[in-house]
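Examining the three-dimensional arrangement
These are the residues of each chain, in order.
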Amino acid sequence: MITGPCLLPFRWRDSLHPNIDRLSARPTRRLYSFSCHVFAPGTLHIRQFSKHTIGCAASGMASRPRVEVLIEFGLWSLRGMIGMRAVLLEDYGVLKLIETHRPELTGQDQVLVRTSVVGVCGSEIHAFNGSHPFREPPAVMGHEIVGIVAEAGSDCSSIKPGDRVTVDPQWTCGTCSWCTSGRHNLCPKKTVLGTTGWSGGFGEYFVIPENRVYPLPPGMSDSEAILIEPLSVGMHASRRAAVRDGEKAVVFGSGTIGLSTIAAARVYGAATVVAVDLLDHCLIAATSAGATAAVHAGAVSADDQIRSYVGKDGADVVFVTIGIPAVFEKALSLVRPGGRIAMIALFDKPVSFEPFDIVGSDVSILGSQMYSDIDVKDAISALVEGRAAIQHLVTHELPIEEARKAFDLTISKKDNAIKVVLLHR
Ligand SMILES: [Zn+2]
Ligand SMILES: [Zn+2]
């Protein structure tokens, strides 16, 4: 982070040691004299590499990986941060604000992004609660991101420092049959940003391959751009379910993913979309996202209400965005013969069902795993062209220091919370 006057071209250089970073500045004019100060106990080493380049290395600060540095060159001064702040999932249920080392490029086809905004995703609530199949502590989570490119490797051609971007948080091998056929979401070597080993947007900086970075249209606000990732999930589910013009769909759950799925199903041409949820504020948001009807799941007549909208034979497509076995059973009872059920939710309990309910009526049950490039591109163009009405989903913006509160809000859905985002300053 650079604050205060910064009139010189600068570049953070490679780490010399886990606890020693080097900052190099290249003055545009002849360097006459300079002085440095580091705002932490320890030693700051200054070295003039050439007539126009100096560097400084902070050492002896094992307990302080993040320190503030001021370098003065005559009339110019440069104030910067070595290291970064991040929210660490230290253990199940434990989030901790830490100072840590800034991740670095390990290949020239990668970029370093400075996070501006990061959303709290339902999958991260599962990780926090210990109910996620592979997300576990310790991890710096965060994969719904808007940020600014801080550094781009020399092989990057489409992304440059200063670009405002969002990302597809899937790091894949690029060579397997899935990666080479447009389905990198299924790569067996896939790693997801914000899981153990790949620090995510809950940190001030993260590294990502250039081909997973999407520049944002200039007119798109941060609170709209942060929804590209969840909308991509909805786009993928609608594509998997092959939603066609005029079809009738039911979406169980009106959290961020359910609402994104409602909007995506409308983009795909669904004429009727029935939202089902227990919370009134989520059902109101569902109507704004494009649902043609909203049904309170707790109503005694809920099934009858749903059938009154989709017809007595049932819905063409049912989307399951709530991981509760009873919801899957309900989906099976409400899909029409020959219809499709798209499964998006994570379940923490096994689901049991009568196989003949599927076999006897040609019902297709489809898994929907994150998304592919085409879904992200579709999500961006749907937002740019005003075809996906989800701009109202971000209900709370909190500073990164209040990550725990953001998780509590996301879990409790109090104060009409839907999508809670964290801001890095
Ligand atoms: Zn997510
Ligand atoms: Zn692969």
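Structural data are supplied above this passage.
Keep in mind that this is a model prediction, so the values were computed, not measured. (Residues numbered from 1 in each chain as written. Chains lettered and ligands numbered in written order. Predicted model: local features only at pLDDT ≥ 70, side-chain atom pairs only at ≥ 80, totals over all residues. Heavy atoms only, no water.)

Overview of the overall build of the protein chain
What the protein chain contains, in helices and strands, is ten helices and 25 strands. Burial statistics for the protein chain: of 425 residues in total, 54% are counted as buried. Here the contacts in the protein chain between residues at least 6 apart in sequence split such that 66% fall between residues at least 24 apart. Total accessible area computed for the protein chain in this model is approximately 18,200 Å², and 53% of it derives from carbon and sulfur atoms. (Helix = DSSP H or I, 4+ residues; strand = E, 2+ residues; numbered from the N terminus. Buried < 20%, exposed > 50% of the residue type's maximum accessible area, 1.4 Å probe, protein only. Contact = heavy atoms within 4.5 Å. Areas by Shrake-Rupley, 256 points an atom, 1.4 Å probe, with all protein chains shown as cover.)

Notes on the side chain of threonine 115
Residue placement: threonine 115 occurs in strand β11 (residues 110–119). Of note is the side chain of threonine 115, whose polar atom sits 3.0 Å from the backbone oxygen of glycine 203. Excluding residues that lie within four positions of it along the chain, threonine 115 makes contacts with Ile145, Val146, Gly147, Gly201, Gly203, Glu204, Tyr205, Phe206 and His424. (Polar contact = N/O pair within 3.5 Å; in protein donor to acceptor, adjacent residues only side chain to side chain.)

Points about empty space enclosed by the protein
Under the defined criterion, the tally for this structure stands at two cavities of 30 Å³ or more. Those elements that place two or more of their residues in the lining of the second largest cavity are β13 (164–167) and α3 (228–240). Looking at the lining of the second largest cavity element by element, the count peaks at three residues for α3. Its residues assigned to classes, the lining of the second largest cavity shows five nonpolar, two polar and one charged. (1 Å grid on protein atoms, 1.4 Å probe; cavity = no way out; pocket = protein on both sides within 12 Å on 5 of 7 lines; lining within 4 Å. Points joined across faces, edges and corners; volume = space filled by probe spheres on them. Nonpolar A, V, L, I, M, F, W, Y, C, P; charged D, E, K, R; others polar.)

What about the coordination of the zinc ion (ligand 1)?
On the protein side, the zinc ion (ligand 1) has Cys121 (SG) and His143 (NE2) as donor atoms, found 2.1 to 2.2 Å from it. In this pair, cysteine 121 sits in the loop between β11 and α1 (122–129) while histidine 143 sits in the loop between α1 and β12 (144–152), placing the two residues 22 residues apart along the sequence. (Donors = N, O, S within 2.8 Å, 3.2 Å for Na, K, Ca; no water.)

Quick word on the side chain of threonine 195
Relative to the assigned elements, threonine 195 resides in the loop between β15 (191–192) and β16 (205–209). Side-chain polar atoms of threonine 195 contact the backbone oxygen of valine 192, separated by 2.6 Å. Leave out the neighbours within four places in its chain, and threonine 195 touches Phe134, Arg135 and Ala139.

Quick notes on the coordination of the zinc ion (ligand 2)
At the metal site, the zinc ion (ligand 2) is ligated by Cys173 (SG), Cys176 (SG), Cys179 (SG) and Cys187 (SG), and these contacts range over 2.3 to 2.4 Å. Coordination geometry of the zinc ion (ligand 2): the four donor atoms subtend angles of 105 to 116° at the metal centre, consistent with an arrangement described as tetrahedral. In primary sequence terms, the donor set of the zinc ion (ligand 2) follows C-x2-C-x2-C-x7-C. Here cysteine 176 is found in the loop between β14 (170–171) and β15, whereas its partner cysteine 187 is found in the loop between β14 and β15, with eleven residues between them in sequence. On the accessibility criterion, cysteine 176 (14% relative accessible area) is buried. (Tetrahedral: all angles 85-135°; square planar, octahedral: opposite > 155°, others 65-115°.)

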